[in-house]
Amino acid sequence: MLQQTFLDRSWRVLILEEHDRRLVGPAPGPEETTWQEYSTVMGRIRRLPFEVVAAKPLVESASATALMDAAGAVKAVWMLRHYPEVARSNVSRFGMDNPYRDLQPIRSRDALDWRYRGMTEETWETVTAVLNRRLTPFDAAALFWWTRNQLYFDQRLWEDDRIRILRYDRACNKPDEVIRSLSDHIGLALPLGSIVYRVRAQPFPPETRELDPDVERLCRKLWNSFESCPKL
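None of the values given here were measured: they were computed from a predicted structure.

A.B. asks: Sorry, what's going on with the packing of helix α5 (residues 98–107) against helix α7 (residues 137–154) here?
C.D. replies: Describing two packed helices takes the angle between their axes plus the distance from one axis to the other. Where α5 contacts α7, the axes come no closer than 8 Å and their chain directions differ by 45°. With respect to their mutual orientation, α5 and α7 come out oblique. In this structure, α5 meets α7 at a crossing whose hand is left-handed. Residues Pro99, Tyr100, Asp102, Leu103 and Ile106 of α5 form the contact with α7, whose own contacting residues are Pro137, Ala140, Ala141, Leu143, Phe144 and Thr147. Looking at side-chain class alone, the contact of α5 with α7 contains nine nonpolar, one polar and one charged residues.

A.B. asks: Where do I start with the side chain of Ser183 in this structure?
C.D. replies: Along the chain, Ser183 falls in helix α9 (residues 175–186). When neighbours within four sequence positions are excluded, Ser183 is seen to be in contact with Leu188, Ala189 and Leu190.

A.B. asks: Before we go on, may I ask you to explain the pairing of strand β3 (residues 76–80) in this structure?
C.D. replies: Regular strands place side chains that alternate from one sheet face to the opposite one. The alternating pattern of β3 places Ala76, Trp78 and Leu80 on a buried face and Val77 and Met79 on a face that is not buried. Here β3 runs beside strand β4 (residues 163–167); their pairing, made up of five bridges, is parallel. Considered in β4, the bridge of Ala76 is made with Ile163.

A.B. asks: Would you mind going over helix α6 (residues 121–131) with me for this structure?
C.D. replies: Along an α-helix, residues three or four apart share an orientation, since each turn contains 3.6 residues. Within α6, burial applies to Thr123, Trp124, Val127, Thr128, Val130 and Leu131. At its buried positions, α6 is contacted by α5, α7 and α11 (213–225).

A.B. asks: I would appreciate a short explanation of the packing of aromatic side chains in the present structure.
C.D. replies: Two aromatic rings are characterised by how far apart their centres lie and by the angle between their planes. Enumeration according to the criterion identifies nine aromatic pairs in this entry. Centroid distance Trp78 to Tyr152: 5.4 Å. Interplanar angle 70°. Geometry classified as edge-to-face. Here Tyr152 lies in helix α7 and Trp78 lies in strand β3, a separation of 74 residues in the sequence. As far as the burial class goes, Trp78 and Tyr152 line up, both buried. Ring geometry for Phe153 against Trp158: centres 6.0 Å apart, planes inclined by 40°, an arrangement best described as tilted. Pairwise contacts between aromatic rings join Trp78, Tyr152, Phe153, Trp158 and Phe226 into one cluster. One residue, Arg109, lies across the ring of Trp124, its end atom 3.7 Å from the ring centre.

A.B. asks: Quick question: what am I supposed to make of α9 here?
C.D. replies: In a regular helix each residue adds 1.5 Å, so 12 residues correspond to 16 Å; α9 covers 16 Å between its end C-alpha atoms and thus fits that length. Every buried residue of α9 is accounted for by Pro175, Val178, Ile179, Ser181, Leu182, Ser183 and His185. Lining the buried residues of α9 we find α1 (2–6), β3, β4, α8 (168–173) and α10 (192–196). A positive backbone phi angle near 75° is found at Gly187, which sits one or two residues after α9.

A.B. asks: What is the right way to look at the environment of Gly193 in this model?
C.D. replies: For Gly193, the position within the fold is in helix α10. Classification of Gly193 by relative accessible area gives exposed; the value is 62%.

A.B. asks: Please explain the pattern of salt bridges as it appears in this structure.
C.D. replies: Side-chain pairs of opposite charge can arise whenever the charged atoms involved come near each other. By the definition in use, this model includes 19 salt bridges. In this structure, Asp20 engages Arg22 in a salt bridge whose closest nitrogen and oxygen atoms are separated by 2.9 Å. Overall, the relative accessible area of 17% leaves Asp20 in the buried class. By relative accessible area, which is 34% here, Arg22 ends up partly exposed. Shared partners join several salt bridges into a network, and the residues in it are Arg133, Asp212, Asp214 and Arg217.

Thresholds applied
Residues numbered from 1 in each chain as written. Predicted model: local features only at pLDDT ≥ 70, side-chain atom pairs only at ≥ 80, totals over all residues. Heavy atoms only, no water. Axes fitted to C-alpha atoms, helices over the stretch in contact; angles between N-to-C directions. Helix = DSSP H or I, 4+ residues; strand = E, 2+ residues; numbered from the N terminus. Parallel < 35°, antiparallel > 145°, perpendicular 65-115°, else oblique. Left-handed = near helix turned anticlockwise from the far one by under 90°. Contact = heavy atoms within 4.5 Å. Nonpolar A, V, L, I, M, F, W, Y, C, P; charged D, E, K, R; others polar. Buried < 20%, exposed > 50% of the residue type's maximum accessible area, 1.4 Å probe, protein only. Pairing = 2+ DSSP bridges. Phe/Tyr/Trp six-rings, centres within 6.5 Å; stacked < 30°, edge-to-face > 60°. Lys NZ or Arg CZ within 6 Å of the ring centre and 35° of its normal. Expected span 1.5 Å × (residues − 1). Salt bridge = Lys/Arg side-chain N within 4 Å of Asp/Glu carboxyl O.

So far we have only geometry, and geometry alone does not tell us how the molecule works.
Following this line, the structure appears as structure tokens:
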């Protein structure tokens, strides 16, 4: 959303899609999203004739600090969406079995899989304990959301002035405010008039699906923890 709705309206910004060969590869398949050596990627990006180059490191969240360090002059945005919505989207888009597949590399400590990369011992113990319960696909998807966003706190990113939180619901419902704060953050004035009309308001949906109590407790606590973090 940030790339295709907000940033791509400026001719001064170049968007690199998540499967762009300047970022990922050599790929074993078309769905490869793991970035190449950061120094190599950043060298390519610096040679591009644009004031701002925007890229989404889809599976690099565990290495956010290293990635920003390699980039040099950089501003980052940590997109945050409410966990019930993410769980519904995960199951709807990728199927009922996908949330379990997402958690399996964590449970098995698969160091070659991006899902386990950066996990602390505490996160592994929590996931393992909760997986001993009978989780629905939505429970598992919400638990995976927890593991991904826990990485923000594990890396103490709230202390890093280069990165800001952007809540999905705020981007949808207050786009004018987000455009102004995002412009300030990246140091480039985005065309407010050509962006706002493209954004569709999305009322915060009621929580109609009850999650496993332990999963709900973990996710709600983490969600609330973001409230005090630097944001757009």
